[in-house]
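# Working through the structure, step by step
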Amino acid sequence: MASVTASSVSFSSVASSLKKNQVSQLKTVSVSFGGKSFKPVPLRFRVACAAKPETVEKVCEIVRKQLALPADSAITGESKFASLGADSLDTVEIVMGLEEEFGISVEEESAQSITTVQEAADMIEKLNEKK
Amino acid sequence: MSFLPNHEYSSITRFVKLGDQKRALVSRLLQYALVHQVLEIPFDEIIIRRTPEGKPYLVCDDMKLAFPNFNFNASHHGDFVAIASEPICLVGLDIVSHSVPKNETAHEFIQNFSSYFSSSEWYHIMHAGSSDEMLHIFYRYWCLKEAFVKAMGTGVGYKLDDVEFHHTNWNNIFVKVAGKELKDWKFWLLDLGQNHSVCIARGHPRTATTSYRTTLKRIEFDDKEYYNGFHLPNASFTFRTVEDLLQVIHGADRVPFDISTKCDVSEDEGSEGARFVQQ
């Protein structure tokens, strides 16, 4: 399984203000981009944090393949794995497939809480941000 | 579907595949039929809801004294839909179909799940001999874990590698959680024809997850009461076809239900309607 290391990290302008000796502890620091400087605009905030369409599309592909669904079957972000026919075994395999495809590592407890395509895509992006 | 109350329709139509819809439908029908037969509640008075984690339960103000803690669990996989109920203890039920993985070897397939098994369970699986045997053992352990988790009503986040099943040739099955044996839990594993296994878990109501516990009539029992409930014989499965089930619902024929009942639903997804196997 892939393990996440902080060996190469890409920084945004927020991170450039971090001192050098804090780099190695980056994994445990939570950087909030929402921050107090923004006015709360709930709907836009959610869209800005949601996964990229390409990620969602890739997740749909993996799910489609695992559940042997036809190429034209309608799978969207809201699609629940269970509704598409996934049982407990399928859900584990889907998460495994996502780990391989995106080079991430998902803990068992988090894995079991992913029930829709969108949740999977969001988790992937969240884990990729930490890389 | 017209047998069911309206609010149940979406719980069936949400499934994309026809086979899943059929299984969901039969599962619902079984639940209503079971409650009707065991508790003698008229069909239109039966209210079945789900916990946030998805576990169905009966909403009932006045429970028959013989069944102080009536609860049930259903499962479907492959060609079967099954249901089991208990009067006192928690019950969990799971069916697995021992399907051979298509795009990978048995070994590769099983590897995906390594973190859900304890080291001794994993040892048994890996040292099975043939890959067919490996799959059988894997599916049986998985079935046990699922039945356990389903009995408690936990949807997510249970550390399954801490849940270790022990058995003597799949009899006298007991479980250790974090190294400690749970003496108020029992398990049975049966093989059904056509490469399916079914597991029943029976355990103490106080182990139910918070949300499911609120649906139970009673959590605490005195030792004697619990002992009786715990040591009820494990009724064998009764096989029913879907036609039998529909007859029960029509009230035309009182088909005697055991504590556990199973339906055989064989599907031909290519044809217009479903063909049901006559037993």
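Here the structure is a predicted model, which means the values were calculated and not measured. (Residues numbered from 1 in each chain as written. Chains lettered and ligands numbered in written order. Predicted model: local features only at pLDDT ≥ 70, side-chain atom pairs only at ≥ 80, totals over all residues. Heavy atoms only, no water.)

## Topic: helix α2 (residues 18-39) of chain B
All names here are of chain B. End to end, α2 covers 31 Å across 22 residues, agreeing with the expected 32 Å (1.5 Å per residue, within 8%). Burial runs high along α2: 19 of the 22 residues are buried. Note on α2: the residue one or two positions beyond its end, Glu 40, has a positive phi of about 55 degrees. (Helix = DSSP H or I, 4+ residues; strand = E, 2+ residues; numbered from the N terminus. Expected span 1.5 Å × (residues − 1). Buried < 20%, exposed > 50% of the residue type's maximum accessible area, 1.4 Å probe, protein only.)

## A few points about the confidence of the model for chain A
In this model, chain A carries an average pLDDT of 71, and 62% of its residues clear a pLDDT of 70 or more. Averaged pLDDT values over the elements of chain A bottom out at 48 in helix α1 (residues 42-49) of chain A and peak at 90 in helix α2 (residues 53-66) of chain A. (pLDDT = per-residue confidence, 0-100.)

## What to know about the pattern of salt bridges
For the structure on display, the rule yields 12 salt bridges over all chains. Taking the shortest distance from any N to any O, the salt bridge between Arg64(A) and Glu61(A) comes out at 2.9 Å. Of this pair, Arg64(A) and Glu61(A) both sit in helix α2, 3 residues apart, which is roughly one turn of that helix. For Lys145(B), the salt bridge identified is with Glu121(B), shortest N-O distance 2.6 Å. Here Lys145(B), found in helix α5 (residues 131-152), pairs with Glu121(B), found in helix α4 (residues 119-126); they are 24 residues apart in sequence, far enough to count as distant. Several salt bridges share partner residues, and in doing so they unite Asp184(B), Arg206(B) and Glu220(B) into one network. (Salt bridge = Lys/Arg side-chain N within 4 Å of Asp/Glu carboxyl O.)

## Observations concerning the UniProt feature "domain: Carrier" (unreviewed entry) in chain A
Listed under "domain: Carrier" (unreviewed entry) in the UniProt record, and renumbered for this structure, are residues 53-128 of chain A. Secondary structure content for residues 53-128 of chain A is 61% helix and 0% strand, and the end C-alpha separation is 15 Å. (UniProt positions renumbered as here; feature names shortened; annotations may be inferred.)

## Describing the packing of α2(A) against helix α5 (residues 117-129) of chain A
Residue and element names in this part refer to chain A. Packing of α2 against α5 brings their axes to within 9 Å, and their N-to-C directions diverge by 120 degrees. One element, α2, and the other, α5, form an angle in the oblique class. As α2 runs across α5, the sense of the crossing is right-handed. Taken together, the residues of α5 that come into contact with α2 (itself represented by Thr 55, Val 56, Val 59 and Cys 60) are Val 117, Gln 118, Ala 120, Ala 121, Ile 124 and Glu 125. Of the residues assigned to the contact of α2 with α5, the class counts are 7 nonpolar, 2 polar and 1 charged. (Axes fitted to C-alpha atoms, helices over the stretch in contact; angles between N-to-C directions. Parallel < 35°, antiparallel > 145°, perpendicular 65-115°, else oblique. Left-handed = near helix turned anticlockwise from the far one by under 90°. Contact = heavy atoms within 4.5 Å. Nonpolar A, V, L, I, M, F, W, Y, C, P; charged D, E, K, R; others polar.)

## Observations concerning the pairing of strand β4 (residues 80-86) of chain B
All names here are of chain B. Most of β4 is tucked away, with 7 of its 7 residues classed as buried. Taking every second residue as pointing to the same face, both faces of β4 are buried, with Phe 80, Ala 82, Ala 84 and Glu 86 on one and Val 81, Ile 83 and Ser 85 on the other. The sheet contact formed by strand β3 (residues 71-77) and β4 spans 7 bridges and is antiparallel. Note that in β4 the partner of Asn 73 across the bridge is Ala 84. Where β3 folds back on β4, the antiparallel hairpin that results is connected by 2 residues, among which Gly 78 adopts a positive phi of roughly 60 degrees. (Pairing = 2+ DSSP bridges.)

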